[in-house]
Amino acid sequence: MFLTGSFGISSEKTGDDKSNSFTVAPSLGYFVSDKIAIGGRILYTSDKAESGNVDTQDLTTLGIAGFARYYWTPANKFSIFGEAEVAYVSAENNLTDVKGNGFGLGLAPGVSYFLSSNFAIEASWGLVGYNTFEVDGAQDSTNTFNFGLDLSDLRFGLIYKF
C-alpha cells in the first residue's frame, strides 16, 4: 500500500483585485502486483476572489476519484508510470448559491524516485483528459477535451509505501 497526495496554494493581486486558491488531494493506493496499483483520491479546492472590498467569488469544489497505475522500473530507485483516472466533482459558489457537478476521465504519465525503501518523490502531469460539468438548472453542460503536456498541470508528491 502507499499514501501520497498533492496540495497547492496560489495568490494573485492586480490593483484592488485579489484571488486566493487552496487545493489538497490525498490518495491511497494498493499494489495488486509488482507493476499495477489501484487506488482512490479525495479532492478539495477553495477559490476566493475579491475586487476592492467586494467578494466576487467563493467557490468550493469537492471530488472523489479512482485510479489505476502501471509502473515500469528501468532502475532500482527510479520508476515511470502511467495513470488512468475517473473522477466525480461537485462545486458550489457560496456567494451566489449556484451549484454544479461533473465527471472526468484522464491519462497521465509520471515518474517516481525512491529516496529509501519507504519514501519516494513523484511528479506527474496531464496528457489526455475529458471533463464534463453541468450547473444545476442549466440546459447545457460544458465539455472539455485536453491533449498535451501542459506544465501548468504539473503535480509533485511524496509517497509513503507501507
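Residues numbered from 1 in each chain as written. Predicted model: local features only at pLDDT ≥ 70, side-chain atom pairs only at ≥ 80, totals over all residues. Heavy atoms only, no water.

Undergrad: Which parts of the structure should I look at to understand the overall build of the protein?
TA: In terms of regular secondary structure, the protein is built from 0 helices and 10 strands. Along the protein, helices (α) and strands (β) appear in the sequence β-β-β-β-β-β-β-β-β-β when read from the amino end. When the 162 residues of the protein are sorted by exposure, 25% land in the buried category. Residue pairs at least 24 apart in sequence account for 51% of intrachain contacts in the protein once pairs closer than 6 positions are excluded. Of the side-chain charges in the protein, 10 are positive and 18 negative, and the distance between the mean point of each set is 13 Å. (Helix = DSSP H or I, 4+ residues; strand = E, 2+ residues; numbered from the N terminus. Buried < 20%, exposed > 50% of the residue type's maximum accessible area, 1.4 Å probe, protein only. Contact = heavy atoms within 4.5 Å. Lys, Arg positive; Asp, Glu negative; His and termini not counted. Charge placed at Lys NZ, Arg CZ, Asp CG, Glu CD.)

Undergrad: Looking at this structure, I do not really get the nonpolar core. What am I missing?
TA: One recurring pattern in soluble globular proteins: nonpolar side chains tend to sit buried together. Ranked by size, the top nonpolar core spans 8 residues in total: Phe2, Ala37, Phe67, Tyr71, Phe81, Phe114, Ala120 and Ile159. With near-sequence residues (within four places) excluded, Ile159 lies in contact with Phe2, Leu3, Thr4, Arg69, Ser112, Asn118, Phe119, Ala120 and Glu122. (Core = buried A, V, L, I, M, F, W, Y, C linked by side-chain atoms within 4.5 Å.)

Undergrad: Is there a simple way to explain the environment of Val135 in this structure?
TA: Along the polypeptide, Val135 turns up in strand β8 (residues 128-135). The sequence separation of Val135 and Ser90 amounts to 45 residues, and the corresponding C-alpha distance is 9.7 Å. Setting aside chain neighbours within four positions, we find Val135 in contact with Val98, Lys99 and Gly100.

Undergrad: When you look at the packing of aromatic side chains in this model, what are you seeing that I'm missing?
TA: The way to describe two aromatic rings as a pair is by their centre distance and the angle between their planes. Taken as a whole, this structure holds 9 aromatic pairs when the rule is applied. A ring pair is formed by Tyr70 and Trp72, whose centres lie 4.8 Å apart and whose planes are at 70°; its orientation type is edge-to-face. Their ring planes at 90° and their centres at 5.1 Å tell us that Tyr160 and Phe162 sit as a pair that is edge-to-face. Ring pairs connect the aromatic residues Phe2, Phe31, Phe67, Tyr71 and Phe81, which therefore count as one cluster. (Phe/Tyr/Trp six-rings, centres within 6.5 Å; stacked < 30°, edge-to-face > 60°.)

Undergrad: Would you mind showing me how to read the pattern of salt bridges here?
TA: Opposite charge on two side chains lets them pair, provided their charged atoms get close. The tally for this structure, following the rule as stated, stands at 5 salt bridges. A salt bridge links Glu83 to Arg69, with the nearest nitrogen and oxygen atoms 2.6 Å apart. Highlighted residues: Glu83 in strand β5 (residues 78-93) and Arg69 in strand β4 (residues 54-72), separated in sequence by 14 residues. No difference in accessibility class separates Glu83 from Arg69, as the two residues are buried. Residues joined by salt bridges that share partners form a network here, namely Arg41, Arg69, Glu83, Glu85 and Glu122. (Salt bridge = Lys/Arg side-chain N within 4 Å of Asp/Glu carboxyl O.)

Undergrad: Could you clarify how one ought to interpret the confidence of the model for the protein in this entry?
TA: Taken as a whole, the protein shows an average pLDDT of 91; of its residues, 98% reach a score of 70 or greater. Looking over the protein, one finds the lowest element-wise mean pLDDT in strand β10 (residues 155-161), namely 86, and the highest in strand β3 (residues 36-51), namely 96. (pLDDT = per-residue confidence, 0-100.)

Undergrad: Could you clarify how one ought to interpret the pairing of β4 in this entry?
TA: In the case of a regular strand, side chains alternate between the two sheet surfaces. In this structure, β3 lies alongside β4, joined through 16 bridges in antiparallel fashion. Counted as the bridge partner of Gly40 is Gly66 from β4. Here 14 bridges tie β4 to β5, and the two strands are oriented antiparallel to one another. When the bridges of β5 are listed, Phe67 appears paired with Glu85. Hairpin connection of β4 to β5: 5 residues between the antiparallel strands. (Pairing = 2+ DSSP bridges.)

Undergrad: Whenever I open this one, the side chain of Glu83 confuses me. Can you help?
TA: Judged by relative accessible area, Glu83 falls into the buried class, the value being 9%. Within the structure, the side chain of Glu83 is placed 2.6 Å from the side chain of Arg69, a separation counted as a polar contact. (Polar contact = N/O pair within 3.5 Å; in protein donor to acceptor, adjacent residues only side chain to side chain.)

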